[in-house]
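Residue-level listing of the chains:
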Amino acid sequence: MDGVVIWRTGMRRVVATCQHHQQSSAQRCIAQTQRRFYASPTQSHSRPQGQAQDEIKAAPQIDFQDDRDQFARPRTQILSTSRQSRSRGPNNNANRTPNNNNTRAGGRGGRGAAAGRSSPRADNRGPNLAHLRIIPASPSYFTATPKYTDDLLLLSALQRRHQLLPVLPPGHAPRVAWKTIDQYKTELAEPVRAKMYGILVQLLKRLNYIHPALMPDEVRRALDSFKREVQPHLNVPKPIQVSEYGVAVAAGRRKSSTATVHLVEGTGQCLINGKSLSEYFGRLHDRESAVWALKATARLDKYNVWATTEGGGTTGQAEAVMLGVGRALLAHEPDLKMAVRRAGAITRNPKRVERKKPGKLKARKMPAWVKR
């Protein structure tokens, strides 16, 4: 029996020892958890025994406003608005927390100094703007080209909104000179590529086809913002008038040559820079080109031509005189416009001499290829 009693007593001691170790480990975990939340390791070592730890308190609630323009107004106006909103609210005192003076030991070198401190409370002057998130005015603010993206979204929305309106037949839309890409980039100060601007121009052309009588005001304003200040299509040249002496003066150009032609009714005389036609132009082709408008309409012996020309070569000067004679002839007889146009005497030839390229003899001529 004694052995049995001793065995039972020994087991009781072992069980009690295990329970003690379990309780002590649990207490250590709780103490570490409290130190983690209530104080830093330095403060926990320097805290005197018996000193109460600071309690964790909830942060005060922030009174947010549903005002989208609160950042566009002065601060004084924001504060006055926030006070009025709190005074009108049913539970305007619910967010306030009473003052609570807590003492905390701190300092360097283990010296503790108790200092009274009031707990944070709700600011009566309005919301704390430092904790508010400023929302950009444009949804494209975070893109690489926000202004271009806004224009693209605006034109796309207008096209979707008014796509069922009647449009003009193809080719009957009013001619409009849109801003160049350089003007658009200078106005926006953004790196807009040519392909990106081409998309805008396509949308503008589509909106420009809407019938003018049914075009909405918002579409008209959007189109006006992309138009040039000076429309070259509206610059109609002044018609050539016949003077009181029966002289019509017209100008002609070809390549780098310019000519001023005076056309008057006469017997068919022609002077170029004070010389006759055969003296000034040695080639027969140049002579025919100079008076081609009169020859095509059978008016060679009805008008006298006096022209001054400069610049370029003989071919360019002859065709410049031809253009001037054709324009002056229409001032005398406007009914010959179709015949003169059919002859090609009033059409400006825009072709220029192609520039010489490096490594070539001329614009396209290559030097002779030598094998060795």
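Nothing here was measured: the structure is a model prediction, and the numbers come from that model.

Caption draft 1: Seen up close, the overall build of the chain. When its secondary structure is counted, the chain shows 12 helices and 5 strands. Buried positions account for 26% of the 372 residues belonging to the chain. Just so you have it, the chain exposes about 26,900 Å², and 54% of that area is on carbon and sulfur atoms.

Caption draft 2: Region of interest: the nonpolar core. Of all hydrophobic cores here, the largest spans 29 residues; its most connected members are Ile272, Leu277, Val305, Val321, Val325, Leu329 and Val340. When contributions to this core are tallied by element, the ones reaching two or more residues are strand S1 (247–254), strand S2 (257–265), strand S3 (270–272), helix H10 (292–296), strand S5 (303–310) and helix H11 (314–332). In contact with valine 321, not counting residues within four places along its chain, are Ala259, Val261, Ile272, Ala290, Ala307 and Thr309. Formed by 21 residues, the second largest nonpolar core is a distinct cluster that contains Leu158, Val192, Tyr197 and Ile210.

Caption draft 3: Broad picture of a positive patch on the surface. Together, Arg253, Arg327, Arg348 and Arg352 make up a positively charged patch on the protein surface. Residue arginine 352 is classed as exposed on the basis of its relative accessible area, which comes to 57%.

Caption draft 4: Examining the sheet that holds S5 more closely. Taking strand neighbours across the sheet as the criterion, the 5 strands line up as S1-S2-S5-S3-S4 in an open arrangement whose pairing is mixed. Strands at the two margins of the open sheet, each flanked by one partner only, are S1 and strand S4 (275–276). Strand direction decides the pairing type here: S1 and S2, joined by 8 bridges, are antiparallel. Opposite glycine 252, over in S2, you have alanine 259 as the bridge partner.

Caption draft 5: The arrangement of the environment of glycine 313 in detail. Along the polypeptide, glycine 313 turns up in the loop between S5 and H11. With 57 residues separating them along the chain, glycine 313 and serine 256 place their C-alpha atoms 8.4 Å apart.

Caption draft 6: Here's a closer look at the side chain of serine 289. In this structure, serine 289 sits in helix H9 (residues 284–290). The contacts of serine 289, once residues within four sequence positions are left out, are Ala318 and Met322.

Caption draft 7: Structural view of the packing of aromatic side chains. A complete count under the given rule lists 4 aromatic pairs for this structure. Ring geometry for tyrosine 184 versus tyrosine 197: centroids 5.1 Å apart, planes at 40°, classification tilted. A residue pair is termed long-range when its members are at least 10 positions apart, and tyrosine 184 in helix H5 (residues 181–188) and tyrosine 197 in helix H6 (residues 194–208) qualify at 13 residues. Assessed through its relative accessible area of 6%, tyrosine 197 is described here as buried.

Caption draft 8: Fine view of H6. Relative to the 21 Å expected for 15 residues at 1.5 Å per residue, H6 spans 21 Å between its end C-alpha atoms, a close match to the ideal helical length. On its buried face, H6 sits against helix H4 (146–161), H5 and helix H7 (217–225).

Caption draft 9: Representation of the pattern of salt bridges. Summed over the entire model, instances satisfying the criterion amount to 10 salt bridges. With its nearest N and O atoms 3.4 Å apart, the salt bridge here joins aspartate 224 to lysine 227. For aspartate 224, a relative accessible area of 42% gives the class partly exposed. Taking relative accessible area as the criterion, lysine 227 reaches 27% and is therefore assigned partly exposed. Through salt bridges that share partners, Arg299, Lys302 and Glu333 make up one connected network.

Caption draft 10: Quick look at the packing of H4 against H6. Between H4 and H6, the shortest axis-to-axis distance is 10 Å and the interhelical angle comes to 30°. It follows from the interaxial angle that H4 and H6 lie roughly parallel. Judged by the twist between their axes, the crossing of H4 over H6 is left-handed. Residue-level inspection shows Tyr148, Asp151, Leu152, Leu155, Ser156, Leu158 and Gln159 of H4 in contact with H6, the latter providing Met196, Tyr197, Ile199, Leu200, Leu203, Leu204, Arg206 and Leu207. The class makeup of the residues in the contact of H4 with H6 is 11 nonpolar, 2 polar and 2 charged.

Caption draft 11: Looking closely at the pairing of S5. Across 8 bridges, the pairing between S2 and S5 is antiparallel. Following the sheet pairing, threonine 258 is matched in S5 by glutamate 310. Relative to S5, S3 runs parallel, the two sharing 3 bridges. Bridging from a neighbouring strand, leucine 271 pairs with tryptophan 306 of S5.

Cut-offs used in this document
Residues numbered from 1 in each chain as written. Predicted model: local features only at pLDDT ≥ 70, side-chain atom pairs only at ≥ 80, totals over all residues. Heavy atoms only, no water. Helix = DSSP H or I, 4+ residues; strand = E, 2+ residues; numbered from the N terminus. Buried < 20%, exposed > 50% of the residue type's maximum accessible area, 1.4 Å probe, protein only. Areas by Shrake-Rupley, 256 points an atom, 1.4 Å probe, with all protein chains shown as cover. Core = buried A, V, L, I, M, F, W, Y, C linked by side-chain atoms within 4.5 Å. Contact = heavy atoms within 4.5 Å. Patch = residues over 30% accessible without salt bridge, like charges linked within 9 Å, V, L, I, M, F, W, Y side chains within 5 Å. Salt bridge = Lys/Arg side-chain N within 4 Å of Asp/Glu carboxyl O. Lys, Arg positive; Asp, Glu negative; His and termini not counted. Charge placed at Lys NZ, Arg CZ, Asp CG, Glu CD. Pairing = 2+ DSSP bridges. Phe/Tyr/Trp six-rings, centres within 6.5 Å; stacked < 30°, edge-to-face > 60°. Expected span 1.5 Å × (residues − 1). Axes fitted to C-alpha atoms, helices over the stretch in contact; angles between N-to-C directions. Parallel < 35°, antiparallel > 145°, perpendicular 65-115°, else oblique. Left-handed = near helix turned anticlockwise from the far one by under 90°. Nonpolar A, V, L, I, M, F, W, Y, C, P; charged D, E, K, R; others polar.

Read these as spatial facts, not as claims about activity.
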